[in-house]
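The chain contents come next:
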Amino acid sequence: MEIPQIISPDGHINAIHPRKKRENFLRAEFLFPFVSDYICGALREGKPFIFSGRSGNAQIGIKTAQFPQDKLPRIEASDIFLEGQIQNLNPLLGAALDLFKKGDEIGRLAVMDPELRIQDVRHYLHKRLFVGRLVGKGYYEGFEICQEQDPLTGKTCDYISMELEPYQYCFEPSAMNPSSINAVIKKGRSALSRIRSRMPLDLKNSRLQPGELFVGAIKISLGDIYGIIDSVPEPISEKIEHLPAWILDPFRTFRDRQVELYHFGTKAIALDKIRIRIRFFRTRNPLTVPLEKNKVKEGYRLCDLLTNAEVSTLFNAIGKTSLGMILNKGNFVQIPQALNPNGEAQLEIIKNALLESTYRKARPQASAGEEDRFQETLEKLSVLGGVNSRVFIGRQFPALEVIDALRRSGLRTFLIDMNNPSFEDDYIKKMIKLTHAGHSGCEFLRYDSDTDKLYSFYHGCFMEPDDRERFDRVRYWLAFYGSHTQEADNGLTIDLINRLAIRLGYEMGIVHGGGPGLMKEANDLARQHNIMSVGIAIDLEGEHQASLTTCDGLIKYKEGLRLARQDHIQKLSNLPIVNTGGYGSAEELAITITSMKIHENPLAPIILLDPDNLWKHAQKQTDEIARLKYGPAFTPRLIKSCKNAQEAELTLIRFLGNPDDWYLKNKIPAESVEKARIKAGRIRRQTLCQETVEVFEKTNYRLKQ
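Residues numbered from 1 in each chain as written. Predicted model: local features only at pLDDT ≥ 70, side-chain atom pairs only at ≥ 80, totals over all residues. Heavy atoms only, no water.

Student: Honestly, the overall build of the protein chain in this entry has me stumped. Any pointers?
Tutor: The helix and strand tally for the protein chain stands at 20 helices and 36 strands. Seen through its C-alpha atoms, the protein chain measures out along the principal axes to roughly 95 × 55 × 55 Å. Expressed as a percentage of its 705 residues, the buried residues of the protein chain come to 56%. Once local pairs closer than 6 in sequence are excluded, the contacts in the protein chain between residues at least 24 apart make up 73%. For the protein chain, the exposed surface amounts to about 31,400 Å²; the carbon and sulfur share of it is 48%. If you average the places of the 96 positive and of the 90 negative side-chain charges in the protein chain, the two averages end up 4 Å apart. (Helix = DSSP H or I, 4+ residues; strand = E, 2+ residues; numbered from the N terminus. Buried < 20%, exposed > 50% of the residue type's maximum accessible area, 1.4 Å probe, protein only. Contact = heavy atoms within 4.5 Å. Areas by Shrake-Rupley, 256 points an atom, 1.4 Å probe, with all protein chains shown as cover. Lys, Arg positive; Asp, Glu negative; His and termini not counted. Charge placed at Lys NZ, Arg CZ, Asp CG, Glu CD.)

Student: Please explain empty space enclosed by the protein as it appears in this structure.
Tutor: Empty pockets left among the atoms are what a rolling probe the size of a water molecule brings to light. Overall, the coordinates contain five cavities of 30 Å³ or more when judged by the stated rule. Approximately 70 Å³ is the volume attributed to the largest cavity. What lines the largest cavity is simply N420, R446, D448, Y455, F462, T549, C551 and L554. Tallied by class, residues from the lining of the largest cavity come to four nonpolar, two polar and two charged. (1 Å grid on protein atoms, 1.4 Å probe; cavity = no way out; pocket = protein on both sides within 12 Å on 5 of 7 lines; lining within 4 Å. Points joined across faces, edges and corners; volume = space filled by probe spheres on them. Nonpolar A, V, L, I, M, F, W, Y, C, P; charged D, E, K, R; others polar.)

Student: In this structure, what is going on with helix α9 (residues 400–408)? I would like to understand it.
Tutor: Residues lying three or four places apart along an α-helix face the same way, a consequence of the helix completing one turn every 3.6 residues. Every buried residue belonging to α9 is among V402, I403, D404, A405 and L406, and all of these are buried. Taken together, the buried residues of α9 touch β23 (322–328), α7 (344–357), β25 (390–394), β26 (413–417), α10 (425–436) and β27 (443–448).

Student: Looking at this structure, I do not really get unusual backbone geometry. What am I missing?
Tutor: Note: most residues except glycine have negative phi, and most peptide bonds are trans. Going from F67 to P68, the amide bond is cis rather than trans, its omega being -5°. If you trace the backbone, P68 turns up in the loop between β4 (62–66) and β5 (74–76). For the bond running from E234 to P235, omega is -5°, close enough to zero to count as cis. Within the secondary structure layout, P235 lies in the loop between β17 (225–229) and β18 (240–242). Here the phi dihedral of K239 falls at roughly 60°; this positive angle occurs in a residue that is not glycine. Phi at F696 is positive, roughly 60°, even though this residue is not glycine.

Student: Which parts of the structure should I look at to understand the pattern of salt bridges?
Tutor: When the charged atoms of two side chains lie near each other, side chains of opposite charge can form a pair. Under the definition given, this model contains 49 salt bridges. Between D98 and R19 there is a salt bridge; the shortest N-O distance is 3.3 Å. Taken together, the residues D98 in the loop between β6 (79–88) and β7 (105–111) and R19 in the loop between β1 (11–16) and β2 (25–32) connect sequence positions 79 residues apart. Under the relative-accessibility criterion, D98 is labelled partly exposed at 46%. Across the pair K520 and D524 runs a salt bridge whose closest N-O atoms are separated by 2.7 Å. Placement of the pair is K520 and D524 together in helix α13 (residues 518–528), with a separation of four residues, close to one helical turn. Three or more residues joined by partner-sharing salt bridges are found here, namely R117, E148, D150, D230, R277 and R279. (Salt bridge = Lys/Arg side-chain N within 4 Å of Asp/Glu carboxyl O.)

Student: I tried to follow the side chain of T635 on my own but got confused; where do I start?
Tutor: Summarising the element assignment, T635 is placed in helix α17 (residues 635–638). With residues near it in sequence (within four places) discarded, T635 still touches I593 and K597.

Student: I keep staring at the pairing of β27 and nothing clicks. Help me out?
Tutor: Along any regular strand, the residues point their side chains to alternate faces of the sheet. The buried fraction of β27 amounts to six of the six residues, a majority that puts the element mostly inside the structure. Both faces of β27 are covered, namely the face carrying E443, L445 and Y447 and the face carrying F444, R446 and D448. Of the strand pairs in this sheet, β26 and β27 are connected by five bridges, and their pairing is parallel. Within β27, the position partnered with T413 by the bridge is E443. Relative to strand β28 (residues 453–458), β27 runs antiparallel, the two being bridged by four bridges. Bridging from a neighbouring strand, R446 pairs with Y455 of β28. Between β27 and β28, which follow one another and run antiparallel, lie four residues, and D452 among them has a positive phi close to 55°. (Pairing = 2+ DSSP bridges.)

Student: Which parts of the structure should I look at to understand the confidence of the model for the protein chain?
Tutor: For any part of a model where pLDDT is low, the fine detail of the predicted coordinates should not be relied upon. In the predicted model, the protein chain carries a mean pLDDT of 88, and the fraction of residues at 70 or more is 94%. In this model residues 361–369 is a low-confidence stretch, pLDDT under 50, and it forms 13 contacts with partners more than four residues away in sequence or in other chains. (pLDDT = per-residue confidence, 0-100.)

Student: I tried to follow the packing of aromatic side chains on my own but got confused; where do I start?
Tutor: Within a pair of aromatic rings, the relevant descriptors are the distance that separates the centres and the angle that separates the planes. Going through the model one piece at a time under the given rule, you end up with 23 aromatic pairs. Consider the rings of F655 and F696, whose centres lie 4.8 Å apart with planes at 70°: the pair is edge-to-face. One end of the pair, F655, is in helix α18 (residues 645–657); the other, F696, is in the segment after α20 (670–688), with 41 residues separating them in the sequence. Neither F655 nor F696 differs from the other in exposure class; each is buried. Of the aromatic side chains, those joined through ring pairs into one cluster are F397, F423, Y427, F457 and F462. Directly above the aromatic system of F81 lies the positively charged group of R74, at a separation of 4.3 Å from the ring centroid. The cationic tip of R196 hangs over the ring face of Y169; the distance from NZ or CZ to the ring centre is 4.2 Å. (Phe/Tyr/Trp six-rings, centres within 6.5 Å; stacked < 30°, edge-to-face > 60°. Lys NZ or Arg CZ within 6 Å of the ring centre and 35° of its normal.)

Student: Mind showing me how you'd approach helix α16 (residues 616–627) here?
Tutor: Spanning 12 residues, α16 covers 17 Å between terminal C-alpha atoms, matching the ideal 16 Å at 1.5 Å per step. Within two residues after α16, K629 carries a phi angle of roughly 65°, on the positive side. (Expected span 1.5 Å × (residues − 1).)

Student: How do you make sense of a nonpolar patch on the surface when you look at a structure like this?
Tutor: The grouping of I625, L628 and Y630 at the surface amounts to a nonpolar patch, some 310 Å² of accessible area in total. Here Y630 is to be found in the loop between α16 and α17. The exposed category is assigned to Y630, whose relative accessible area is 64%. (Patch = residues over 30% accessible without salt bridge, like charges linked within 9 Å, V, L, I, M, F, W, Y side chains within 5 Å.)

Student: It is not clear to me how the packing of α7 against α9 should be interpreted in this structure. Could you clarify?
Tutor: A pair of packed helices is characterised by two quantities: the angle between their axes and the separation of those axes. Contact geometry for α7 and α9: axes closest at 10 Å, N-to-C directions at 30°. Here α7 is positioned roughly parallel relative to α9, judged by the angle of their axes. As for how α7 packs across α9, the hand of that crossing is right-handed. Here α7 contributes L347, I350 and L354 to the contact with α9, which in turn contributes E401, V402, A405 and L406. A class-by-class count of the residues in the contact of α7 with α9 yields six nonpolar, no polar and one charged. (Axes fitted to C-alpha atoms, helices over the stretch in contact; angles between N-to-C directions. Parallel < 35°, antiparallel > 145°, perpendicular 65-115°, else oblique. Left-handed = near helix turned anticlockwise from the far one by under 90°.)

Student: What is the right way to look at the sheet that holds strand β16 (residues 213–222) in this model?
Tutor: Strand order in the open sheet formed by four strands is β8-β16-β20-β18, and the pairing between neighbours is antiparallel. A single partner strand is all that each edge strand has here, and the edge strands are β8 (129–131) and β18. Across the sheet, the mean angle from the axis of one strand to that of its neighbour is 35°, orientation sign disregarded. Pairing of β16 with strand β20 (residues 256–263) involves seven bridges; the strand directions are antiparallel. By the bridge assignment for β20, K219 is matched with D256.

Below, the structure written as C-alpha cells:
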C-alpha cells in the first residue's frame, strides 16, 4: 500500500480583497499550486482537512483562517484556491496587516485522512516519535497518552497531551518596527530573533491572561509520521486557542517545537495547567537511508542524507561567476559575486538571493536538465530539519561578515568544496562558537575532492561525521611533541603508543602538529590501533613541513599563527609527551610547563622521552627557577624524565589509576590541584565547547596498580 503525502506545497496570497469598514482582519484568496492528485481527490470526496498558517506569522500573533468556514476550496487542475482571512492578535504589531502583499507565503493544507490516522501511539514511541523530557534511559516525562473515538471511523485512537516547557519567547517592543515585522512576514521564523528574546519561565507561578498572546514550546521529535496540533488546548473550557501553525513535519520537527497560544476567555489560567493536544498520521517516507533513533531525536543533517557522489554533483551546479548557491526546500538559487566580494554590495546581493530562495510563488526554478539531475537529491534534502533545511554551497569558506549575513536569514548549514584549507584563529573560534554554543546550531562541512570525502567541523577540527562519536569517547588526549626531521629517533614514542593503546583503548586519543616526522609516525600508528588521531597543523609548506591529510581530525592554521595553533593543542590535550626534538619542541615544552604553572592545564606528569639526556639542562633550569622562587615549587615535580617507554607507561598508568595518590606522593599542593581542575575545565569548555573534559578528578580503578 502506498501511503500518500497528506500535506500540500506552500501556498501564497493570490489576491487581496478590499477591506470593509470596521473590519479588523484582511480578506484574501490563497493559492496552493501543484497540489497532488491525492489531496485534490480527498477534498472532492469531502475528507476532513485543515488550513495551517505559516509558522513565522503565528509566532508574532498573526492568525490565518479559512473564511467562511463552510465554503469548500475551489480546485482547478492541480491548483487549489481557498478564501481566507488574516487577523492581527498582537497589539505590538501595529498596522501589520498593511504589510501583506500578493505573493507572500501563507501556509499549507493538510488532509486529516481518518484511514491514515495512527491508532496506537505507543507503537511509535522511542523510534519514530520522541515526546517530553528525557529523565532516564528510554524514559520521558511531560506528556500523557490519551484516547478518543474518531468521529468518522468510530475507532478508538490515541492522541498525546503535552506540557509546556519552562521558557517563553518575549517580544522586545523597542525592536519592533514595520521593517522587522515585514522581515518575519517575508522570511518567516528566521527573522524572529531580531524582535524577541528567549526567557526562562516558572510555569507554576505564571498565568495566561485574557487577551494575551503566549509563545512557548514543547519537546517533540518526529520520524516518518505527521503530527497535527489541535487548535483547542486543554483545558478546553478556558477558550484558549492555538494559532494555526498546526503541522509537525516528519523528520524536520525535532527537539523543541514552538507553540502559539491566544486567550479568548475571561479568566486567567496557570500555564502549568495548559496541555497541547496532538494527533498523528502516517506518511510516505522520502528517506533512502535507514531510520535511526538518534537522528530522529536530533534531526537529520545533510551529511546523513547524501552520498559523497551526490555532494560532489551539487558543486557542479554553482555558476562560474557565482559566490555560491543557496538550497532551500527544493529551490536552488545562485548568489552572484560582486566586483568586491568583501564589500557592502556583496552583502546586499546575498540578502536578495536569500529572499529569492524563500519565495514560494510558482515560477521557473531551473532548466529541465538541472531539475532532472537534482530531483532525487532535492527530495532527500526536503527532510532536513528546521534551520538546517537551508544550505549555502560554495567553493571557498565565506568571510565572517558573509556568514553573519546568511545566519541572520536563518541559514545554518555551510557546505564548501576545498582541499586542505587553512584558517585564521578568529575564523576557527567563530566556527566553534556557531557550531556548539547556545542555540545557533550551525554546521560547517568540507568536501575534499582529492579523497572524495565529506568532513564535518566538530569541536575545533574537521572529521568524517562517523568519527564524531569516537571523538566524544576519548578521555585521555595525549599531546606528542617532537622533531619533524629524519635525524630524530622516534622509537620510544612508537613503543609508548603501542603500550598505551593496549592499556587505554578507545579512551585514548592522540593530538599532534599534523606534520611530518614524529607527527606522521604517531598518526599512522594511531590509525593502526583505531585510536582517534587529531592533527592541529599550520601552513609551513615553505619550511618543508607539509600538513598531513590522513588524520581522523584535522584543522590547519594560516602562516604566522604558531602560538594560536599551540594554544589549540594545549586546550584539547591533557597528557603531554615530549620526545627528542629541536627548537620547536623546546618551545612547546616551555609553553606546557607555563600552562600548568598558571593552572590553565590540568596538573599531570610531563613525560620527557629522553634516552640521551637532551632535556637534562631544561629540567635543571626548572629546578633552579623553583629554588629561587621565580615560580611555584611544585612545577619541577611534574616533569618526569624517562629513559624508555616502559618507564613512561608505568608513570602514566600510576597517575591515571589514582591521580590524588600521585599528587600526594609527588608533593603537589591540593589547592593547586583543585584550582587547576576548576580553571582548566572552565577554559576548555569555553574554548572548544566540549560538554565533558578530563581534569583527573576520579580514580580509574580499571588502571589502578
